Amino acid sequence: MRAVLTLYFLSFFHWDENLSTAVYHAFSALCYFTPVIGAIMADSWLGKYKTIIYLSIVYVVGHLIKSVGAIPSLGNQAVHVVLSMVGLFLIALGTGGIKPCVSAFGGDQFEEEHTSERSKFFSIFYLSINAGSLISTFVTPVLRGDVKCFGEDCYALAFGVPAALMVLALVVFIAGSGLYRKTPPQGNVLLEVCKCIGFAIKNRLKNRSREIPKRDHWLDWASEKYSKQLIGEVKMVTRVLFLFIPLPMFWALFDQQGSRWTLQATKMNADFGIYVLQPDQMQFLNPLLILVFIPIFDLGLYPLIDMCKFNFTPIRKMATGMILAGLAFGLAAIIEIKINETDMPQLVPEESLIRVLNLAKNPVQVTIQEKDLFQQPVETFQNPAEYSKLILNGEQQSLRFTLQHQGLTLAFNYTVKEKSVYSLIVFEAEGSLSSRLITDLEAKPENGLAAVRFINGLSQDVNLTIDSRKFIAVQKNYSPSEYSLLERDRYNNGKCITETGEFPLELGLLDFGASYTIVITNISGGAVKTWKSEDIKANNVHMAWQLPQYLLISAGEVMFSITGLAFSYSQSPASMKSVLQAGWLLTVAVGNTFVLIVAEAAPMAQWAEFVLFTVLLFAVCIIFSIMGYFYVSVDPEDLEEKEEKRETSSRGNMIGLVTQKTKL
């Protein structure tokens, strides 16, 4: 569902890119804050099985509301926004709530001695997640873009199909109820850890007097209320959680695949010859590459590094993953700069853009009052290379346009507004030269669509049929039509209907992100003759150029995410795994929150934002590497044993002997 979410905000709500990105990452952050709620519900109240069922129902209801909110004919914009936000909140509660329960519930089905079977289950579980992600990130954009409903992209279907599949999955899950081992709630460790830390801080603040003896560790101030075993385990966890502090920056970059990178893809050429990719389909590369990279890294790269006698510690792997993600964003910045080369120039106050389209039979010299433009005569049907900058003396200005044509001089007055784009149409009417000043698009069409308008050079009104869904009426005598937005395609089966009959209309290729003016010049040989001008250049950077950045960030994910989870688990006692899971998920939430803040609080050019994130991640990587350098890896069992020995030696000898005998 997230694969199409950014484009849904952009196209359906017509929000700008920054707001769309901010809401996308707010939703993503919420999805990673709510697992804490799910874990508390499962461990303290309902148990994992019931939590999965109840929150899956919430999940499905959220999807259904989201799907209904995407039906264009249902209410106004406010209704759509409210329904969508309610749906997203319920989805976040559902997906986040079951996140810590599903894998743990699967692990509960195995006895302690069945370690190999449990390991196989988790491998298949992880494979299933990535396979689902791979299929969905490819198929959901097809449901959105290739299927049309209500006359536009079918977001209702794109959101409805996941809802139906989730219902099916829930039915299958419930059908196996009698086969499952259901562990009753045993209290939430996360709450205990939070209470222990809170009490230690509170107790320390109460006892600030210099007369009170200092304690070895700030957590020792919780010893009045909590056992030494719990305090010792919390110490181990806080050491790892301290290492987690720099990690959100990696997720801030990683999760922009669904927002900023998708928006970048909308401004690129998606034609791969045999298939035209949707911009949001490029995200399927990440799960695909993950499935490819995991065996390559585990069976090839890491053993090769070991053979070279290089100590590639988990901290170094994670730092390398950060560097790869930073390099990916560096590449994204370079691509963004190349994409911007085909954009319209940024308009500033007291400035406009203008060009001349000469539709007359001979060259025309155009002069604009007090402006040094168009030094050479404009050739007939000459496609202007670019717009010329027109400097005004205020918000708007009345200008005198002089046309010289075959010894004749004609003058026309037009009012030109600042921050606007114009075309001066010069044509012959009733044996004399005439002109029109028409307004052009100020920016590229969004989402890779093509914009087209028509100028009717005939002496009769025409009705144009571009495809089965697009009908345009254009008045006679060089009147322009409004712009129409079309999918990128070849349109050679159109029709032009006039008073004298119906004629075939061929427009040729209307390319990604381009804007066209098509002039209907005459009818001859039973067909309409047209002349096509490209007002705004098509997207000329191919989407395949995003492949290197996806390669880098996917390799970075394998080295960072998988290694980080395994490392943090190895550094904590068994009873604290769930606390670390919550801490890890919260780093993802904080990373998404950071993107939301940058998008809304500090809007900037997109390439500059990519560079900012690159620099920030490199800086964080240095900090993390320094923290990792001073971090001493431990075996939780060894620490527990040392703690036990220290506690034993502090008691009487007799108690010590009994404890040692019991242990033996």
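Residues numbered from 1 in each chain as written. Predicted model: local features only at pLDDT ≥ 70, side-chain atom pairs only at ≥ 80, totals over all residues. Heavy atoms only, no water.

Inclusion rule: UniProt positions are given in the numbering used here, feature names are shortened, and annotations may be inferred rather than shown by experiment.
Per an unreviewed UniProt entry, the protein chain is named Solute carrier family 15 member 2, and its organism is Lepidothrix coronata. Comment text from UniProt for the protein chain, heading Sequence similarities (unreviewed entry), reads "Belongs to the major facilitator superfamily. Proton-dependent oligopeptide transporter (POT/PTR) (TC 2.A.17) family."

### Examining the layout of surface pockets
Let me state the cut-off plainly: Method remark: on a 1 Å grid restricted to protein atoms, a set of points is classed as a cavity if a 1.4 Å probe fits but cannot get out and as a pocket if it is open with protein on both sides within 12 Å along at least five of seven lines; lining residues have an atom within 4 Å of a point. Grid points are joined across faces, edges and corners, and a volume is the space filled by probe spheres set on the points. Counting from the N terminus, the helices are DSSP H or I runs at least four residues long and the strands are E runs at least two residues long. All amino acids are sorted into three groups, where Ala, Val, Leu, Ile, Met, Phe, Trp, Tyr, Cys and Pro are nonpolar, Asp, Glu, Lys and Arg are charged, and the leftover types, Gly among them, are polar.
Approximately 1,300 Å³ is the volume attributed to the second largest pocket. Lining the second largest pocket are 46 residues, and of these Lys148, Asp153, Leu449, Leu486 and Glu487 sit closest to its centre. Elements supplying a minimum of two residues to the lining of the second largest pocket: helix 1 (5-12), helix 5 (77-108), helix 6 (115-145), strand 2 (152-153), strand 14 (484-486) and strand 15 (489-491). In terms of residues, the lining of the second largest pocket owes the most to one element, helix 1, which gives 4 residues. Partitioning the lining of the second largest pocket into residue classes produces 23 nonpolar, 10 polar and 13 charged.

### Digging into a positive patch on the surface
Rule in force here: Residues enter patches when their relative accessible area tops 30% and they take part in no salt bridge; the joining distance is 9 Å for like charges and 5 Å for the nonpolar side chains Val, Leu, Ile, Met, Phe, Trp and Tyr. Surface accessibility follows the Shrake-Rupley procedure with a 1.4 Å probe radius. Residue values consider only the protein chains on display as shielding. For salt bridges, the criterion is a side-chain nitrogen of Lys or Arg within 4 Å of an Asp or Glu carboxyl oxygen. Residues scored as positive are Lys and Arg, those scored as negative are Asp and Glu, and His as well as the terminal groups of each chain are ignored. Just so you know, the charge point we use is NZ for Lys, CZ for Arg, CG for Asp and CD for Glu.
A contiguous patch of positive charge, built from Lys195, Lys202, Lys206 and Lys225, is present on the exposed surface. Looking at the element boundaries, lysine 202 is found in helix 8 (residues 189-206).

### Considering the sheet that holds strand 12 (residues 470-474)
Filter applied, for reference: Only strands joined by at least two bridges in the DSSP assignment are considered to pair. Axis lines are fitted to C-alpha atoms, over the contacting stretch for helices. Their N-to-C directions set the angle, which ranges from 0 to 180 degrees.
Strand order across the open sheet formed by 4 strands is 12-11-16-17, with antiparallel pairing between neighbours. For this open sheet the edge positions go to strand 12 and strand 17 (501-505), each flanked by a neighbour on one side alone. Going across the sheet, the axis of each strand differs from the next one's by a mean of 20°, ignoring polarity. Direction of pairing for strand 11 (residues 462-467) relative to strand 12: antiparallel, over a ladder of 5 bridges. In the sheet register, aspartate 467 faces strand 12, and the bridge partner there is lysine 470.

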